[in-house]
Amino acid sequence: MALLAGAAIVSNVLMRKDRSRSVMYFSSFGTDDVCTEVRYLPEDSGVDPLVQYVDELLLGPMTNRFKHLFAQGTKVEFCTVEKGVCYVGLSREALHPNKQTADIQTGIELLKVNIVKRFTEISTVLVYIDGRSVYGNG
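What you see as residue numbers is a count from 1 along each chain, following the sequence as written. Two thresholds apply to this predicted model, a pLDDT of at least 70 for residue-level local features and 80 or more for giving and counting side-chain atom pairs, whereas whole-chain, interface and lining totals are computed over all residues. Where side-chain values are given, they derive from all heavy atoms of the structure, hydrogens and water being excluded.

## Details of helix H3 (residues 104-118)
Part 1 of the reasoning: Elements are defined by DSSP. Helices are runs of H or I of four residues or more, strands are runs of E of two residues or more, and each kind is numbered from the N terminus. Under the convention used throughout, the expected extent of a helix is 1.5 Å for every residue step, that is, one less than its residue count. With 15 residues, H3 should reach 21 Å at 1.5 Å per residue; the first-to-last C-alpha distance of 21 Å fits that figure.
Part 2 of the reasoning: Here's how the labels work: a residue is buried when its accessible area is under 20% of the maximum for its type, exposed when over 50%, partly exposed in between, all with a 1.4 Å probe on protein chains only. Taken residue by residue, H3 has Ile104, Gly107, Ile108, Leu110, Leu111, Lys112, Asn114 and Ile115 as its buried positions.
Part 3 of the reasoning: Throughout, a residue-residue contact means that at least one pair of heavy atoms, one from each residue, lies within 4.5 Å. At its buried positions, H3 is contacted by strand S1 (19-27), strand S2 (34-42), helix H2 (49-59), strand S4 (85-90) and strand S5 (124-129).
Part 4 of the reasoning: At the N-terminal end of H3, a side-chain oxygen is found 3.2 Å from the backbone nitrogen of Gln105, two or three residues along, and the residue is Asp103. Counted as a polar contact is a pair of N or O atoms within 3.5 Å, where, for protein atoms, one must be capable of donating a hydrogen and the other of accepting one, and residues adjacent in sequence contribute only when both atoms are in side chains.

## Structural notes on the confidence of the model for the chain
Part 1 of the reasoning: pLDDT: the predictor's confidence for each residue, scored from 0 to 100. When pLDDT is averaged along the chain, the result is 88, and 85% of the positions lie at 70 or above.
Part 2 of the reasoning: Here helix H1 (residues 2-14) stands out as the element of the chain with the lowest mean pLDDT, 52, in contrast to S4, whose mean of 98 is the highest.

## Quick notes on unusual backbone geometry
Part 1 of the reasoning: Not every positive phi belongs to a glycine, and Lys83 is a case in point at roughly 55°.
Part 2 of the reasoning: Position of Lys83 relative to the elements: it lies in the loop between strand S3 (76-82) and S4.

## Points about the pattern of salt bridges
Two side chains carrying opposite charge are able to pair once their charged atoms lie near each other.
Part 1 of the reasoning: Definition used for salt bridges: Asp or Glu carboxyl oxygen within 4 Å of a side-chain nitrogen of Lys or Arg. Per the counting criterion, the structure on display carries four salt bridges.
Part 2 of the reasoning: A salt bridge links Glu37 to Arg39, with the nearest nitrogen and oxygen atoms 2.9 Å apart. No difference in accessibility class separates Glu37 from Arg39, as the two residues are buried.
Part 3 of the reasoning: Taking the shortest distance from any N to any O, the salt bridge between Lys112 and Glu109 comes out at 4.0 Å. With Lys112 and Glu109 both in helix H3 and three residues apart, the pair spans about one turn of that helix.
Part 4 of the reasoning: Accessibility expressed as a relative area gives 14% for Lys112, which makes it buried.
Part 5 of the reasoning: Beyond isolated ion pairs, a larger network of salt bridges with shared partners links Glu37, Arg39 and Glu56.

## Concerning the pairing of S5
Part 1 of the reasoning: Within S5, five of the six residues are buried, which leaves it mostly tucked inside the rest of the structure.
Part 2 of the reasoning: The criterion for strand pairing is that DSSP finds at least two bridges linking the strands in question. The pairing of S4 with S5 spans six bridges and is parallel. The partner of Cys86 across the bridge, within S5, is Val125.
Part 3 of the reasoning: In terms of strand pairing, S5 meets strand S6 (residues 132-133) through two bridges, oriented antiparallel. The partner of Tyr128 across the bridge, within S6, is Ser133.
Part 4 of the reasoning: Hairpin connection of S5 to S6: two residues between the antiparallel strands, including Asp130 at a positive phi of 55°.

What follows is the structure, given as structure tokens:
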């Protein structure tokens, strides 16, 4: 019991206070489940928190049990919010799913879920790949 308490204290002391807890959602290999992963992202890094979050999502999961949303190399071309609508533009690499990624539609849906759950002031996410509107963007 004392060992557990000591570990908790050390963990609490070592945890950086300038980070915020973020939950990310990814597809799982071998099942249709959507799984969560917790990350601690820097606060006040000088980068827009939404852009930072989307960049982290595009890096993919930290565990090898989950799929990347999009192919490695996918970048954020733009990411803005206007009146509760988030506009996210992804590079053309997102058009090339592989065995390590979700299919394009699943990747887009999970991107939207991640953003809306993390940024509650956003009600709609419109996604563009290589400058073109995709899946249900009107």
